[in-house]
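Chain and residue survey
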Amino acid sequence: MHATRDFSHFVKDAGSGLSHIDLAVEGVSCANCMSKIERGLSAIPHVTLARVNLTDGRVALEWKGALDPARFIDRLAELGYNAYPFESASAETAEAEQSRFLLRCLGVAAFATMNVMMLSIPVWSGNISDMIPEQRDFFHWLSALIALPAAAYAGQPFFGSAWRALRSRNVNMDVPISIGVTLALAMSVVETLGHAEHAYFDAAIMLLTFLLVGRYLDQNMRRRTRAVAGNLAALRAETATKFISEDEISEVPVAAVKPADIVLLRPGERCGVDGTVIAGRSEVDQSLITGETLYANVEHGSAMYAGSLNVSGTLRIRVSAASEGTLLAEISRLLGNALQARSRYVQLADRASRLYAPVVHITALLTMLGWVLAGSSWHDAVITAIAVLIITCPCALGLAIPTVQTVASGAMFNTGVLLNSGDAIERVAAVDRIIFDKTGTLTLPELDVVNSATIPKHVFDLAGQLALASRHPVAAAVARASQARAPLAGVVEEPGQGVRGTFKGQEVRLGRPTFCKSDQLANETLSLDPEASVVAFSHGELRYVFAVRQRLRPDAGATVRAIQARGIMVEILSGDREPAVRAAANALGVCEWRAGVTPADKIARINDLQRHGLKVMMVGDGLNDAPSLAAAYVSMSPISAAHLSQATADLVFLGKPLAPVVAAIDFSRKALRLMRQNLWLAVGYNALAVPIAIAGLVTPLVAAAAMSGSSLLVMLNALRARRVANGRS
Amino acid sequence: MEVLVILVPLALGLGLLGLLGFLWSLKNGQYDDLDGAAWRAIKDDEP
């Protein structure tokens, strides 16, 4: 059979005979890598563009004529970089576009602020000295000319969102902002027409600028997470081996596989599609789907799910069209329901504005009525009321939360936690119960040799060299644990049995206990550790047995203790068998656990806890966990998780340790404290400024000083979110 | 004070020029890779 790699799915037409592809590259971190990659790729004939984006860790390539994209990947591999074609998810493209729009708005608003200020300062000082009224009017008209179109453009993000909220009979933070800005501008125009002394164009446009800074920071934080997660997904290179004719196969990205295609699944490969087995017989590891670590047998007619790992035999699978009634469809249905339930959650900033908006608007109204009753004219009363609105406009409120979120998410990023949703921080801070999945979350996703201490070093090395010839996952675990690099020459694989070769004239074998004639030793090992899989090794008359299984994450115990020390209860819900879950729970000191739980049971348990008023955080990785991740108050996934789970989780953590879970809690608690402080700072500032406004003493100068003062204070306070006092344990 | 008629439009014109420059650089993708740009500036030319 002839095999090729086909990446044509990722190639885009860049016009005028050029083709374009984006590659995600692992480990580009400095100028050296950048020039090495760019020079290396440009050296390939017909390549017209090779440009590294260091921020995203991607390379953009363009070339003329027919070049096989696989060649670029091979070239990068020669240079020492792991790369894979990247297809940006539509969510990421939309975020990038949105972020660019916000930056454009910010540019326009900042330009207008600077120029209006340039005109305002002479007016402020002119009021003291000797500016003639005609000059002041001229400056006001110029300010209007700049501020009105700029506010109409740069205010779009706020006006749009406020309008959407009002239409669905809701109030969010953008409503008071929009009302404040619009009224301030309208009043200024009226005042300018009436040749009045004060106009508030500067205050309105400066408010928009500060708010856009907050909005942009918020957006940028989410975009960075998406970029990292997108790269990791691309580098996982989910491919399938597809039959393009009777005996010709081609390696294609999973996205290019269509229903009714036939794919080949070799031992050691993870299935990327849903389908039915049409030929072959094998054992598969479905732990990513069900949490069950015991292998399942499949043969002709069995259903295969994306995410299953093929263990022993080669399979041919027909990709299924509609997977209704399958496990995956059931999971997606539960997921949809759970997600809907959570969208009712209201963000802290919007909750604050729900209280804030009526208070401010009523204060303004009372101010107006008060002045009328005190005998002043309607005109003066309205002006004073609007001044109250401007001075209380939630400038600091708009910055209070995004700045803290940006700083805290940057700090979390450094400890290996990525935020998937903007409001995750406040929800994590409130958690009082954490539910862990076992397989792949408390344990590492790969298998590991557990009895390596009882095996002599030279035997281990030899077994590792032999194991390199096999694709069986258990053998792969032995090879990984021994850190063997050089495979033994002339090794033969006996299908379903193991591998054998010769070393210094003696036969060496690795595989099933019967294949290596060491059944008795294997049974002894299994009686000690019934959860393990065993693989036997024979070298002449020497016999050894390796016990292989998923090991707990190295710091799982310490993490669980640290979580409990923070007053949070820990619980384990797993789809795996009882003995395995009991062993893990005992090792970690967790007294509440359940085994053999289905996805629906997990949701039921979470809902039950939430009905009792507990805020539940779910930490899980499997496809079977996805619905419960969505049902929980807040959720977290390791980066090794199934696609769907990762997309659902509010936070994603990188690397082997479990410590990021604790870091996320610590940083979130600190961040929430700072957000509350910031909101109080904003309120306190208003408490000082509002009496001045009610007294009718607010000039544009006072408004500008109050606004920038409170914004600066809030931003400086937010910087404290970078550190947590008690550190990570 | 007639000088204002020249100075104010001049100041606004210069500001507008700056804004257009910013929008142009944004459209050109100059803010897409801020980390990379920092390194490119100090990169040695090819030998």
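Here the structure is shown first, and the text comes after it.
Residues numbered from 1 in each chain as written. Chains lettered and ligands numbered in written order. Predicted model: local features only at pLDDT ≥ 70, side-chain atom pairs only at ≥ 80, totals over all residues. Heavy atoms only, no water.

1. So, the interface of chain B and chain A
How big an interface is tends to be stated in terms of the accessible area lost upon association of its parts. Contacts between the two partners involve 24 residues from chain B, matched on the other side by 24 residues from chain A. Carbon and sulfur atoms make up 68% of the area that chain B and chain A hide from each other, which totals about 2100 Å². The three residues of chain B that bury the most area against chain A are Leu12(B), Leu26(B) and Arg40(B), which together make up 26% of that side's buried surface. At the boundary of chain B with chain A, the tally comes to one salt bridge. For the pair chain B and chain A, the interface holds three residue pairs in polar contact (both at pLDDT 80 or more). (Contact = heavy atoms within 4.5 Å. Buried area = accessible area lost by both parts, 1.4 Å probe. Salt bridge = Lys/Arg side-chain N within 4 Å of Asp/Glu carboxyl O. Polar contact = N/O pair within 3.5 Å; in protein donor to acceptor, adjacent residues only side chain to side chain.)

2. Examining empty space enclosed by the protein
Residue and element names in this part refer to chain A. Scanning the model with the defined rule gives four cavities of 30 Å³ or more in all. Space inside the second largest cavity adds up to approximately 90 Å³. Residue lining of the second largest cavity: 14 residues in total, with Ser-120, Val-123, His-140, Ala-199 and Asp-202 positioned closest to the centre. For the lining of the second largest cavity, the secondary structure elements donating two or more residues are helix H3 (90–128), helix H4 (133–154) and helix H7 (201–235). Sorting elements by how many residues they give to the lining of the second largest cavity places H3 first, with six residues. Residue classes in the lining of the second largest cavity are distributed as seven nonpolar, five polar and two charged. (1 Å grid on protein atoms, 1.4 Å probe; cavity = no way out; pocket = protein on both sides within 12 Å on 5 of 7 lines; lining within 4 Å. Points joined across faces, edges and corners; volume = space filled by probe spheres on them. Helix = DSSP H or I, 4+ residues; strand = E, 2+ residues; numbered from the N terminus. Nonpolar A, V, L, I, M, F, W, Y, C, P; charged D, E, K, R; others polar.)

3. Re the packing of aromatic side chains
All names here are of chain A. Taken as a whole, this structure holds six aromatic pairs over all chains when the rule is applied. Between Phe-138 and Phe-139, the ring centres sit 6.0 Å apart and the planes meet at 55°, which makes this aromatic pair tilted. Judged by relative accessible area, Phe-138 falls into the partly exposed class, the value being 35%. Here the basic side chain of Arg-509 rests over the ring of Phe-515, its NZ or CZ set 4.5 Å away from the ring centre. Looking at Lys-615, its charged tip hangs above the ring of Tyr-633, at a distance of 5.2 Å from the centre. (Phe/Tyr/Trp six-rings, centres within 6.5 Å; stacked < 30°, edge-to-face > 60°. Buried < 20%, exposed > 50% of the residue type's maximum accessible area, 1.4 Å probe, protein only. Lys NZ or Arg CZ within 6 Å of the ring centre and 35° of its normal.)

4. Some points on the pattern of salt bridges
Residues and elements named next belong to chain A. The full count for this structure, using the stated rule, is 21 salt bridges over all chains. Across the pair Arg-509 and Glu-507 runs a salt bridge, and its minimum N-O distance is 3.1 Å. Here Lys-602 and Asp-625 are joined by a salt bridge, their closest N and O atoms 2.4 Å apart. Here Lys-602 is found in helix H20 (residues 599–611), whereas its partner Asp-625 is found in the loop between strand E26 (616–619) and helix H21 (626–631), with 23 residues between them in sequence. Among the residues examined, Asp-625 registers a relative accessible area of 0% and is labelled buried.

5. Comments concerning unusual backbone geometry
Residue and element names in this part refer to chain A. Phi at Ser-16 is positive, roughly 45°, even though this residue is not glycine. Mapped onto the fold, Ser-16 is located in the loop between strand E2 (12–15) and strand E3 (18–25). Classification of Ser-16 by relative accessible area gives exposed; the value is 69%. Even without being a glycine, His-46 presents a positive backbone phi close to 75°. Positionally, His-46 belongs in the loop between helix H1 (31–42) and strand E4 (47–53).

6. What to know about the packing of helix H5 (residues 156–167) of chain A against helix H6 (residues 174–193) of chain A
Residue and element names in this part refer to chain A. Contact pair H5 / H6: the axes reach a minimum separation of 8 Å and the direction vectors enclose 125°. With respect to their mutual orientation, H5 and H6 come out oblique. The hand of the H5/H6 crossing is left-handed. Across the interface between the two elements, Pro-157, Phe-158, Phe-159, Ser-161, Ala-162 and Leu-166 of H5 pack against Asp-174, Val-175, Ile-177, Ser-178, Val-181 and Thr-182 of H6. Among the residues forming the contact of H5 with H6, the class breakdown is eight nonpolar, three polar and one charged. (Axes fitted to C-alpha atoms, helices over the stretch in contact; angles between N-to-C directions. Parallel < 35°, antiparallel > 145°, perpendicular 65-115°, else oblique. Left-handed = near helix turned anticlockwise from the far one by under 90°.)

7. Overview of the sheet that holds strand E28 (residues 651–653) of chain A
Strands in a sheet are paired, the pairing made by backbone hydrogen bonds, and the direction either parallel or antiparallel. Residues and elements named next belong to chain A. With mixed pairing, seven strands are arranged side by side in an open sheet as E16-E28-E27-E26-E17-E24-E25. Both edges of this open sheet fall to strand E16 (417–419) and strand E25 (592–594), since each of them pairs with a single strand only. Each neighbouring strand pair of the sheet contributes to a mean axis angle of 20°, computed without reference to strand direction. The pairing of E26 with strand E27 (residues 634–638) spans three bridges and is parallel. (Pairing = 2+ DSSP bridges.)

8. So, the side chain of Glu191(A)
All names here are of chain A. Examined against the element boundaries, Glu-191 turns out to sit in helix H6. Among buried Asp, Glu, Lys and Arg side chains, Glu-191 stands out as unpaired, with Arg-136 the closest opposite charge at 9.4 Å. Reaching out from Glu-191, the side chain makes a polar contact with the side chain of His-379 at a distance of 2.9 Å. Look past the residues within four positions of Glu-191 in its chain and what remains in contact with it is Ala-196, His-198, His-379 and Ile-383. (Lys, Arg positive; Asp, Glu negative; His and termini not counted.)

9. Some remarks on helix H11 (residues 378–392) of chain A
Every α-helix winds through 3.6 residues per turn, so residues three or four apart in the chain are directed the same way. Residue and element names in this part refer to chain A. Compared with an ideal rise of 1.5 Å per residue, which puts 15 residues at 21 Å, H11 spans 21 Å between its outermost C-alpha atoms and is within 8% of the ideal. Judged by how many residues are buried, H11 sits mostly within the fold: 11 of 15 residues are covered. Among the residues of H11, those classed as buried are Ala-381, Ile-383, Thr-384, Ala-385, Ile-386, Ala-387, Val-388, Leu-389, Ile-390, Ile-391 and Thr-392. (Expected span 1.5 Å × (residues − 1).)

10. A word on the sheet that holds strand E11 (residues 282–285) of chain A
All names here are of chain A. Strand order in the open sheet formed by three strands is E12-E11-E14, and the pairing between neighbours is antiparallel. What marks the edges here is a single partner per strand, and that holds for strand E12 (296–298) and strand E14 (309–310). Strand direction decides the pairing type here: E11 and E12, joined by three bridges, are antiparallel. Within E12, the position partnered with Ser-282 by the bridge is Val-298.

11. Considerations on the pairing of strand E21 (residues 506–511) of chain A
Residues and elements named next belong to chain A. As paired elements, strand E20 (residues 498–503) and E21 share six bridges and run antiparallel to each other. Counted as the bridge partner of Arg-500 is Arg-509 from E21. Summarising the sheet, E21 and strand E22 (residues 533–539) pair through four bridges and their orientation is antiparallel. Bridged to Val-508 within E22 is His-539.

12. Remarks on the environment of Gln156(A)
Summarising the element assignment, Gln156(A) is placed in helix H5. When the C-alpha positions of Gln156(A) and Asp56(A) are compared, they lie 28 Å apart, and in sequence the two are 100 residues distant.

13. A few points about the packing of H11(A) against helix H23 (residues 660–694) of chain A
Residue and element names in this part refer to chain A. Closest axis-to-axis distance for the H11/H23 pair is 9 Å, and the angle between their directions is 165°. In terms of their interaxial angle, H11 and H23 are classed as roughly antiparallel. Regarding H11 and H23, the two cross each other, and that crossing is right-handed. Packed against H11, whose contacting residues are Thr-384, Ala-387, Val-388, Ile-391 and Thr-392, the element H23 presents Asn-686, Ala-689, Val-690, Ala-693 and Ile-694 at the interface. Residue composition of the contact of H11 with H23, grouped by class: seven nonpolar, three polar and no charged.

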